[in-house]
Amino acid sequence: MSSSDIFIGETIGTAILILLGGGVCAAVTLKASKARNAGWLAITFGWGFAVLTAVYTSAPLSGAHLNPAVTLALAIKNDDWSTVPEYWGGQLLGAMIGATLVWVAYYGQFHAHLTDREIVGGPGAQATKTKAVEAQEKGAGPVLGIFSTGPEIRVAWQNLATEIIGTVVLVLAVLTQGLNDSGKGLGTLGALITALVVVSIGLSLGGPTGYAINPARDLGPRIVHALLRLPNKGGSDWSYAWIPVVGPLIGGAIAAGIYNVAFA
């Protein structure tokens with residue numbers, strides 16, 4: 001794989017991942033969406049299918065890492081760091097493109113949601129007991145959860161540990177079952193395995209933090225949220241942003257270490 005193939009493949013694949021994954025969060029969250037309040041099952045399966053689609057699309061070009069934690073783990077496993085910048089650059093750019101496309105696809109719904117007094121407060125607002133999937137904690141705006149993750153209970157060490165644990169499970173599954181014959185990316189069967197693992201992680205471990213398990217998936221869309229000119233969008237919760245970046249990278253490194261000790 002050439003450097004250009006890697007960068008293009010990761011950009012396209014991660015854009016598809018975030019478009020479909022962020023798209024299901026928007027569908028469940030926003031007013032005037034036919035899927036509003038569809039719930040956590042819709043989100044977890046939506047993200048799983050997003051992974052499946054993105055991997056099948058980008059694997060021929062880049063091997064479909066789509067996740068800096070996976071790239072880091074493979075670099076440790078293979079002791080080859082030469083293409084890490086191309087992978088990480090494509091993943092971050094793709095995540096930002098995907099998040100922007102979610103905004104385009106749901107443009108009217110964003111404005112309807114963020115001008116509703118029951119959502120953003122102000123004169124005429126009514127108390128509501130409905131808690132949508134978006135982050136609600138201090139520092140986060142009412143649609144931030146469409147773009148990035150946030151904890152239900154803010155305990156830094158626990159939030160970090162949850163992201164590490166979930167990423168270890170994901171990356172171990174990729175390293176032990178999901179690699180193509182060259183061992184440098186996801187193959188056809190690996191795409192299906194990884195998609196199902198992502199659904200499983202979401203169902204079992206996604207409750208505390210929203211399971212970023214992917215630094216680009218969280219950081220790229222959070223940057224887009226900060227840049228978009230949306231009414232009443234609120235903050236981007238940068239005080240939490242380090243956890244879904246650092247946690248998955250630590251998890252990827254731990255998974256690579258486990259693989260090298262136990263499986264190599």
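Calculation rules
Residues numbered from 1 in each chain as written. Predicted model: local features only at pLDDT ≥ 70, side-chain atom pairs only at ≥ 80, totals over all residues. Heavy atoms only, no water. Helix = DSSP H or I, 4+ residues; strand = E, 2+ residues; numbered from the N terminus. Contact = heavy atoms within 4.5 Å. Expected span 1.5 Å × (residues − 1). Bend = angle between axes of the 7 residues up to and from the residue. Buried < 20%, exposed > 50% of the residue type's maximum accessible area, 1.4 Å probe, protein only. Axes fitted to C-alpha atoms, helices over the stretch in contact; angles between N-to-C directions. Left-handed = near helix turned anticlockwise from the far one by under 90°. Nonpolar A, V, L, I, M, F, W, Y, C, P; charged D, E, K, R; others polar. Core = buried A, V, L, I, M, F, W, Y, C linked by side-chain atoms within 4.5 Å. Phe/Tyr/Trp six-rings, centres within 6.5 Å; stacked < 30°, edge-to-face > 60°.

Visitor: Go over the side chain of S58, please, and point to the residues and values.
Guide: Within the element layout of this structure, S58 appears in helix 2 (residues 40-62). Every residue in contact with S58, bar those within four places of it in the chain, is listed here: G9, G13, G63, A64 and L66.

Visitor: Could you give an account of the environment of V174, with specific residues and numbers?
Guide: Within the fold, V174 resides in helix 8 (residues 156-178). As a C-alpha pair, V174 and A64 span 110 residues in sequence and 11 Å in three-dimensional space.

Visitor: Can you lay out helix 2 for me, pointing to particular residues and giving the numbers?
Guide: Counted at 1.5 Å a residue, the expected span for helix 2 with its 23 residues is 33 Å, and the 31 Å between its end C-alpha atoms agrees. Most pronounced at Y56, the bend in helix 2 amounts to some 35 degrees, and the proline P60 follows within four residues. Those residues of helix 2 that sit buried are I43, T44, G46, W47, G48, A50, V51, A54, V55, S58 and S62. In the core, the buried residues of helix 2 are packed alongside helix 1 (3-29), helix 4 (84-105), helix 9 (188-205) and helix 10 (215-227). Positive backbone phi, approximately 85 degrees, marks G63, located one or two places after helix 2.

Visitor: So, helix 1: which residues are in play, and what are the values?
Guide: Because each turn of an α-helix spans 3.6 residues, side chains separated by three or four positions end up pointing in the same direction. Across its 27 residues, helix 1 extends 38 Å between first and last C-alpha, which sits within 8% of the 39 Å expected from 1.5 Å per residue. Most of helix 1 is tucked away: 19 of the 27 residues are buried.

Visitor: With reference to specific residues and values, describe unusual backbone geometry.
Guide: Phi is positive for Y211, which is not a glycine, with a value near 45 degrees. Mapped onto the elements, Y211 comes out in the loop between helix 9 and helix 10. On the basis of relative accessible area, Y211 is assigned to the buried category, the value being 7%. Even without being a glycine, D237 presents a positive backbone phi close to 55 degrees. Looking at the secondary structure, you find D237 in the loop between helix 10 and helix 11 (243-262).

Visitor: Any details on the packing of helix 1 against helix 4? Residues and values, ideally.
Guide: At a closest axis distance of 6 Å, the pairing of helix 1 and helix 4 adopts a crossing angle of 35 degrees. Crossing geometry of helix 1 relative to helix 4 is assigned as right-handed. Of the residues in the contact of helix 1 with helix 4, the class split is 13 nonpolar, 10 polar and 2 charged.

Visitor: Explain the environment of I43 residue by residue, including any values.
Guide: By the element assignment, I43 lies in helix 2. We classify I43 as buried; its relative accessible area is 3%. Expressed as a C-alpha distance, the spacing of I43 and C25, which sit 18 residues apart in the sequence, is 6.2 Å.

Visitor: Account for the nonpolar core, with residues named and values stated.
Guide: In terms of nonpolar packing, the biggest core is built from 56 residues, with L17, W47, F110, I146 and F147 touching the most fellow members. Ranked by residue count, the leading element in this core is helix 8, at 9 residues.

Visitor: An account of the packing of aromatic side chains is needed here, citing residue identities and associated values.
Guide: On inspection of all chains with the given rule, the structure shows 5 aromatic pairs. Arranged with centres 6.3 Å apart and planes meeting at 45 degrees, the rings of F45 and F49 form a pair that is tilted. Of this pair, F45 and F49 both sit in helix 2, 4 residues apart, which is roughly one turn of the helix. The exposure class assigned to F45 is partly exposed, which follows from its relative accessible area of 37%. For F49, a relative accessible area of 53% gives the class exposed.

Keep in mind that these numbers describe shape and distance, not what the molecule does.
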